[in-house]
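A look at the structure
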Amino acid sequence: MKLMCKCGNIEDLKTDSKPANYEIRNCGDGTLALICKRCKEVVYLDFKNK
Ligand SMILES: [Zn+2]
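Summarised in this report is the structure supplied together with it. Bear in mind that the values here come from a model prediction, so they are computed numbers and not experimental data.

1. A closer look at unusual backbone geometry
- Unlike most non-glycine residues, Lys40 shows phi in positive territory, near 65°.
- Turning to its location among the elements, Lys40 is positioned in the loop between strand 4 (31–36) and strand 5 (42–46).
- A tally of 10 C-beta atoms within 10 Å means that Lys40 is categorised as exposed.

2. Here's the deal with the pairing of strand 5
- Within strand 5, only 0 of the 5 residues are buried, which leaves the element largely exposed.
- In this structure, strand 4 lies alongside strand 5, joined through 5 bridges in antiparallel fashion. Among the inter-strand pairings, Ile35 is bridged to a residue of strand 5, identified as Val42.

3. Observations concerning the sheet that holds strand 4
- Strand order in this open sheet of 3 strands is 3-4-5, and the pairing throughout is antiparallel. Each having just a single partner strand, strand 3 (22–26) and strand 5 make up the two edges of the open sheet. For this sheet the average axis-to-axis angle between neighbouring strands, irrespective of direction, equals 25°.
- Sheet topology places strand 3 next to strand 4; 5 bridges connect them, and they run antiparallel. Residue Arg25 lies in a different strand from strand 4, and its bridge partner there is Ala33.

The rules behind these values
Residues numbered from 1 in each chain as written. Predicted model: local features only at pLDDT ≥ 70, side-chain atom pairs only at ≥ 80, totals over all residues. Helix = DSSP H or I, 4+ residues; strand = E, 2+ residues; numbered from the N terminus. Buried ≥ 20, exposed ≤ 12 C-beta atoms within 10 Å, placed from the backbone. Pairing = 2+ DSSP bridges. Axes fitted to C-alpha atoms, helices over the stretch in contact; angles between N-to-C directions.

Here it is in structure tokens:
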């Protein structure tokens, strides 16, 4: 699964390792917020529909 921020920061997300270019926040409702370390933009990931 690839995560891409609008600033061009691309991270290949793997379940067994933490992303190097994003900071993970668990929102507690099945949603993960990933904060781009480059531009501080927040990208939301929804795991509820999996
Ligand atoms: Zn960014």
